Every structure is written in structure tokens, then in C-alpha cells.
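One-letter residues, chain by chain:
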2 protein chains.
Amino acid sequence: MPDSRPQTRLLSADDVQLIAQRVGLDRLMDEMIGRLTQAFLEFDNHNTVVPIRSGFNYRTPHVGLVEWMPLLQKTQQIVVKTVGYHPQNPELYGLPTVLSTISAYDPTSGRLLAVVDGTFLTALRTGAASAIASQYLAQPNSRTLGLVGAGAQAITQLHALSRRFDLKHVLVYDTDPVVMASFAERAAVLKLDLRIESAPLVQVTTAADILCTATSVDVEAGPVIPAQGLKPGLHINAVGADFPGKTEIPLSVLEQSLVCPDFYEQALLEGECQQFEDRSQIGPELFELVKSPAAYKAHQQQMTVFDSTGFALEDQTAMNLMLAYADELGLGTWMALESVAADVKNPYSFVPGTVGSNSVVTGA
Amino acid sequence: MPDSRPQTRLLSADDVQLIAQRVGLDRLMDEMIGRLTQAFLEFDNHNTVVPIRSGFNYRTPHVGLVEWMPLLQKTQQIVVKTVGYHPQNPELYGLPTVLSTISAYDPTSGRLLAVVDGTFLTALRTGAASAIASQYLAQPNSRTLGLVGAGAQAITQLHALSRRFDLKHVLVYDTDPVVMASFAERAAVLKLDLRIESAPLVQVTTAADILCTATSVDVEAGPVIPAQGLKPGLHINAVGADFPGKTEIPLSVLEQSLVCPDFYEQALLEGECQQFEDRSQIGPELFELVKSPAAYKAHQQQMTVFDSTGFALEDQTAMNLMLAYADELGLGTWMALESVAADVKNPYSFVPGTVGSNSVVTGA
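What counts and what doesn't
- Residues numbered from 1 in each chain as written.
- Chains lettered and ligands numbered in written order.
- Predicted model: local features only at pLDDT ≥ 70, side-chain atom pairs only at ≥ 80, totals over all residues.
- Heavy atoms only, no water.
- Least-squares fit on C-alpha atoms with pLDDT ≥ 70 in both.
- Contact = heavy atoms within 4.5 Å.
- Helix = DSSP H or I, 4+ residues; strand = E, 2+ residues; numbered from the N terminus.
- Buried < 20%, exposed > 50% of the residue type's maximum accessible area, 1.4 Å probe, protein only.
- Polar contact = N/O pair within 3.5 Å; in protein donor to acceptor, adjacent residues only side chain to side chain.
- Pairing = 2+ DSSP bridges.
- Axes fitted to C-alpha atoms, helices over the stretch in contact; angles between N-to-C directions.
- pLDDT = per-residue confidence, 0-100.
- Buried area = accessible area lost by both parts, 1.4 Å probe.
- Salt bridge = Lys/Arg side-chain N within 4 Å of Asp/Glu carboxyl O.
- Phe/Tyr/Trp six-rings, centres within 6.5 Å; stacked < 30°, edge-to-face > 60°.

1. Let's talk about the relation of the copies chain A and chain B
- The transformation that overlays chain A on chain B combines an axial shift of 0.0 Å with a rotation of 180 degrees, and the residual RMSD is 0.0 Å. Both chain copies can therefore be described as sitting about a two-fold axis.
- When the interface residues of chain A are mapped onto chain B, 100% of them again fall at the interface, so both copies present the same face.

Okay, here's the thing in C-alpha cells:
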């Protein structure tokens, strides 16, 4: 069949990994941070519609959820990320906790333009968002990073922050001693010139200039850090809270802090912000911070929290970055995934011998 | 890279078309009707959760929408159909009005198991649903089918109904004379022994024993059929209404009829049922009809309407039918679409030279 039919571009796990290898992790993260900053600067919620994600969550056979995060950039692009969160995956199946694909559609025709592996990109963009928030909210001379939760997300948090701060010291805590102990080894790929140490929780939280919480704490089992002894200028990237009832940061800490959600409405449902009864205590969204940094600069000397629940604009930016590199490097698989019958008014027009409605039927 | 990694099965347009060719259209439609009847019989809304679809709709650059239709069959399968409806596609891009893909996820891990072309399947299952509704609500000896709207959906409506009724005569009306005139030619693939004729709208609606409306009527521009002169035992499959404000059937006809929606909550928002102020006028859902046919048999002699808005259970059934045939025929493409890092706790573990956390590091 001649393939003038519209094709969907598929970027597999291999394609995304090849891009990361060829571009290099540092340049990739820098580009992700740069493009995401630009996307926040240009963000206009009249032209870009981001509904709250929805999905299924369940407790059987294991705790988990599958959600979809849609975005419409009017007349330009529709992006839907599907993301699964199944905290028992590593133990039960040797799979990552988070699995994801990101799809792009053309809003002029509805065509599926691309499906891209979103697992790696979710980690990458979550790191980049924390780096951006920290750049506007943390003390610029922050040297000590605390990591509470040392799983997959902690690697990209460290990586992203190391691209924007001159970090000297990383203190790591995880409830799982094996995960805690392996962190330095896993982070070795970043080739960072800094000291990485496991430490008791209190030591991590009290020494940190910047703290990232990225745990799989159970619903209603939070918070995961103590409220006492935090540095007065501490900035926290609260990455783990992404589910009703799941929180990592004590309410008293939130109440003393400027709390910036990535996405206000979603943070109220799933983020740290769900702890606030009084919404007026919630600060600006991240994009407002990026647009008006002077207005919030004084907060760098005070306690601040980035309430990161995951924002479809981040996924759109990550996907488009990958698609641009796939173009440059000639990667990806093209597939005619959607039937486009020879005759659009006849779903059966692929059947051999079918007379198309545009054909001329000659008389016998 | 050794591929013990989990793979996603892709069934492209070619795969789906090959299945249809090898299985044959009649057998495929019969199986679709049979499996869907079974799915309705087994449907249990405690174990199968079907949220109302959501999506984006817009008027620029053209009228259109992209929606997702999710279904969770607890512990078994998650299915999300994405479907675009862009009525100007044929004219502007030579593409079908409806474009779609259907994705299946494993709710134990969140893995994306399959992505299947949904364009053809949407037409197939919509036809099958009308055949089932007609079987329970139309007069068994119905001989004359009326089609209002002669586009792609009309072909599968005719096909499905011809598998359950001994149709002798098909009367076709479309506002577009070219589409109306080409219908018989397009339907030739079905090799049906019956007479197909174009006719004025009133002739179609007054002669029909069963009527299918499948139009792209504009929002607020309906109804598309006159209320007068309908046969007292007429059954209508109202297929076109799938959008707020879009309706095809006059309210007075609905008020005289037993109206069965495929999916009550959605029909209230997008179907013919949105015309009812009094919900108590709405009849059973299709699955209730299938489960208790005796309770509704008397209605075959009266006017009845199947309010077909599209139900994710139909899409799940269609997708699983295709996947079963793909197994049998060895079709489809397997692709590692989701990154599964060698070390699930390290999103960068694909980088050459990265030390996995489970590796043994030997001392120097």
C-alpha cells in the first residue's frame, strides 16, 4: 500500500535513550530547563487549556493509579500524557514505579501525530521544574542539598539542581536502607564533583539549604519530614505529593513558607496544598514566579516550598524537545496507526474490489 | 539490547485491515455483535467503571473535538479510547471525520499493553451496538431500513443490521447529494441482496421500519428528521448525537418512545436524552435490555429510540476482538515504548558505564 497515508511518529524507549546518550545528560537537562523556563514565560491560560488530570486509582490487586494529563494549546497541539504510578512495581515486577507515554494530536484534524516514551521524560521534567522553582525561591549560594526519598526521582532532582547551583554536599535519607546506600553509586553517572552521604533524616533536613522530598509515602501516612530545626532560608521541592491524602511536608512548615504550586487547582486536590483550609495562604503558581521574579525575590531568604504535582505543560515541553532531537538525529518509527480508508466515507473501502465513491463506474 | 523488556503491541491500520480481510466482514461483524452482547450480559458496574468521557472541543481553526473514553475493568484491564471528531476532515484533508486509537493498560503495573487503530473499530462497534438495540426493540420482521446521513457510519449501520434482520429495502437520505448518490456504490462491498435507493427525507422516515440517523448536523441545528408520519412500531438508532447541543430526533418523538441510552449519564450530556427535562422519561440502558429482554419485548410494537453516544465497553470489546485475531494470525508490531531502566531506581541507568545499584562493585 503506498504510504501517502498520515503516519504517527513513535519514539520508543530506545529512541529516547539514544537521544539522551547522543546529546548528553547535562546538555539535555540544560535544554529542558531552558525550554521549560521559556514555556512558563509564554504560558497564557487563555490559549493553553490544562484540565486537572483524571484517572483510575485502586487498591487491588496492588495500590496503583493510571491517569491522563491533557493539554490543549489552541490551534497548535493537543498533548495527553498517560502515567501509571504503582509503588510496588520495583519489588513485584522489576518495573519502575512510574510508567508513561505522551501522545500529541493535531487539533486541526484530530490526527495522532506522535507517541513518545514518557517514563524517562517524567523524571527529567520533574527535575527541571524543581531546578526552576529553586532558582527563583532558594538562596543562590545554596551548597547543601538534602534528599528525602532516594529512588528514581532523586537522581534527576540532584542532576537538575546541580545544573543551577554550585552544590558541594548531598545528604540522602530513605526509609529503605538498601535504596539509601545505593544512591551515591547510582548518581555516579552524573560525574558530579561533590560529596554524597547517607544520613539520618533529621541530619538531612536540618543541614539542607535545598531539600527535595520524593517519597512513595502511603496515603494519610505523611508528613515525612520533621517540622523542627529547618534552616530559615530553606527551599523545599515537594515532589512526592500527587494523590489525595498523600503529603510529605508538615502543615506548620507550609504555614511558615511561601508555597508555590505548579498548578493551583491540582495542588489543592493532590499536592501539599490540600492541607490548607485557607486558600489565601497559597502563593503564586510557578509560571507567575517565572514571569515576575522581582516580586518574589525577597522570599529567597525565607522558607519556601515548591508544591510539584506534575503539570502537563512540562510534559508537552519534554515531548517537543525529544521530537526536535528525533528530527535532528533521524530517529523514531513511522506507522500508519489510524485507518484512513481510501474512501473516507467508506470504512470498508480497504477491501479488495471495493468500488470507491470517487471512482468512475463504466457501464457494461 | 536484549528484549526481555516489556513490549507494547501496536496494531496499525494495515493490521486491522488485514484482520478484516482475512476474517471477512460478515464474520467479523457477527463476532463483534456476539461478543458485545456477551459483554452487556456480563456488565457489572461495580467491577467495570466507565467515567463520562472528557476532552477538548473548539471552533478554531475548524469545529472539532478530541476526547478520551476510559474504562477500568477492575484488576483486569484499563482501556482508553482517544477519538477525534472533525466534520470538515473529508473536505479539507481527505481524512475521515472520526480518527481514533484505543490503548490498553495493565492495572497491576500500569504498563501500556497495546495501541490499536480505533478508526475502523469505532464504525464497527457503533454498527454492532445498533444491531443489538434493534434486535431487542425493533419489530423482528422489519424489512425497510431508512438511513439519514449516508457517510461512513451509515455503511456499518447497514452492515450490522443486515446481519440481524432480513432487510429488503434501504432508503437513503443525505443533505449532500453527492454523498447520497454514492451510498449504494459504497455499500456494494457488503454484497447484500436488497434494493438501495436515494429518496427525499420524508419518504425515508415514513417508510422505515428501522431508521438510523448518523449525521454531522451542527450543534443547535437539529432535529434532522420530521416528527410526523413515522410508523407506529418504528425503531430509531440515533447515532449522531454525541455532543452538547447536537441532537437529531424531535423531542415529541422521544416523548412518544421508549428511549434506551447506551450510557445514561453521557446521554444526558451529549445524546438525545439531553432534550429531556424529566429524567424519569428515559428508559433502561442497553445492557439492562440485553439482561432482561422479556421485560421490554412489548415495546417492539411501539416507537423506540436507541440513544447511541458511544460507550467504552464497546471499544474494549472491539479492541479485544482485534487482539485475539492478531494473536491467531500473528499480526502486530511489538515495541518497547516505555523506558524500563536496567536499574528501576535510576532513570539514567541506560548510559553506558553506569553502575547499576544491583551490581557488585569489586574493590580496586
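On we go.
2. Considerations on unusual backbone geometry
All names here are of chain A.
- In this structure, proline 61 follows threonine 60 across a cis peptide bond, with omega equal to -5 degrees.
- Tracing the chain through its elements places proline 61 in the loop between β3 (54-58) and β4 (64-73).
- For threonine 75, which is not glycine, the phi torsion reads 65 degrees and is therefore positive.
- Relative to the assigned elements, threonine 75 resides in the loop between β4 and β5 (77-85).
- Its relative accessible area of 33% is what places threonine 75 among the partly exposed residues.
- Although it is not a glycine, glutamate 220 adopts a positive phi angle of roughly 65 degrees.
- One can find glutamate 220 in the loop between β11 (210-213) and β12 (235-238).
- Owing to a relative accessible area of 66%, glutamate 220 belongs among the exposed residues under this scheme.

3. A closer look at helix α6 (residues 177-187) of chain B
All names here are of chain B.
- Taken together, the buried positions of α6 are occupied by Val179, Met180, Ser182, Phe183, Arg186 and Ala187.
- Tucked inside the fold, the buried residues of α6 contact β8 (144-148), α5 (152-162), β9 (169-173) and β10 (195-198).
- Where α6 begins, the side chain of aspartate 176 points an oxygen toward the backbone nitrogen of valine 178, at a separation of 2.9 Å.

4. Thoughts on the sheet that holds strand β13 (residues 258-261) of chain A
Residue and element names in this part refer to chain A.
- On the basis of which strands lie adjacent, the open sheet formed by 7 strands has the order β10-β9-β8-β11-β12-β14-β13 and parallel pairing. The sheet is open, and its two edges are formed by β10 (195-198) and β13, each paired on a single side. Between one strand axis and the next, the sheet turns through 15 degrees on average, direction left out of account.
- By the bridge criterion, 4 bridges tie β12 to strand β14 (residues 304-307) in an arrangement that is parallel. Bridged to alanine 238 within β14 is aspartate 307.
- Sheet strands in contact with helix α4 (residues 119-137) are β11, β12, β13 and β14, and its direction is about 160 degrees off that of β12.
- Packed on one face of the sheet, helix α5 (residues 152-162) meets β8 (144-148), β9 (169-173), β10, β11 and β12 and runs near 165 degrees to β8.

5. Some points on the confidence of the model for chain A
Residues and elements named next belong to chain A.
- Of all residues in chain A, 96% have pLDDT values of 70 or greater, and the mean over the chain is 93.
- Note on residues 355-364: pLDDT is under 50 here. Beyond four places in sequence and across chains, it has 11 contacts.
- Confidence metrics for the complex model read pTM 0.92 and ipTM 0.91.

6. Here's the deal with the interface of chain A and chain B
- Taken together, the contact between chain A and chain B spans 85 residues of the former and 85 residues of the latter.
- Overall, the association of chain A and chain B removes approximately 7300 Å² of surface from exposure, summing both partners, and the carbon and sulfur fraction of that is 70%.
- Counting the surface chain A buries against chain B, the share from its top three residues, Phe56, Lys345 and Tyr348 of chain A, is 11%.
- Applying the counting criterion to the chain A and chain B interface returns 0 salt bridges.
- Linking chain A with chain B are 20 residue pairs in polar contact (both at pLDDT 80 or more), by the criterion used here.

7. Concerning the environment of methionine 69 of chain B
Residues and elements named next belong to chain B.
- Within the secondary structure, methionine 69 is located in strand β4 (residues 64-73).
- Put simply, methionine 69 and valine 80 are 11 residues apart on the chain and 5.4 Å apart in space, counted from C-alpha to C-alpha.
- Sequence-distant contacts of methionine 69, defined by excluding residues within four places in its chain, comprise Arg53, Val79, Val80, Lys81, Val83, Arg125, Gly310, Phe311, Ala312 and Asp315.

8. Looking at the packing of aromatic side chains
- Counting across every chain of the model gives 12 aromatic pairs over all chains.
- Judged by centre distance (6.4 Å) and plane angle (10 degrees), the rings of phenylalanine 40 of chain B and phenylalanine 311 of chain B are stacked. With phenylalanine 40 of chain B in helix α2 (residues 25-42) and phenylalanine 311 of chain B in the loop between β14 (304-307) and α12 (312-329), the pair connects residues that are 271 residues apart, well separated along the chain.
- On the basis of relative accessibility, which here comes to 2%, the residue phenylalanine 311 of chain B falls in the buried class.
- Relative to phenylalanine 311 of chain B, the ring of phenylalanine 263 of chain B lies with its centre 5.2 Å away and its plane at 40 degrees, an arrangement referred to as tilted. With phenylalanine 263 of chain B in the loop between β13 (258-261) and α9 (264-270) and phenylalanine 311 of chain B in the loop between β14 and α12, the pair connects residues that are 48 residues apart, well separated along the chain. Assigned by exposure class, phenylalanine 263 of chain B and phenylalanine 311 of chain B land together as buried.
- Chaining the aromatic ring pairs together yields one cluster made of Phe40, Phe43, Phe263, Phe287 and Phe311 of chain A.

9. Details of the sheet that holds β13 of chain B
All names here are of chain B.
- What the 7 strands build is an open sheet, ordered β10-β9-β8-β11-β12-β14-β13; its pairing is parallel. Two strands lie at the open edges of the sheet, namely β10 and β13, each paired on one side alone. The sheet shows a mean angle of 15 degrees between the axes of neighbouring strands, direction not considered.
- One ladder, built from 4 bridges, connects β13 with β14; its direction is parallel. Residue cysteine 260 lies in a different strand from β14, and its bridge partner there is phenylalanine 306.
- Relative to the sheet, α6 contacts β8, β9 and β10, its axis offset from that of β10 by approximately 165 degrees.

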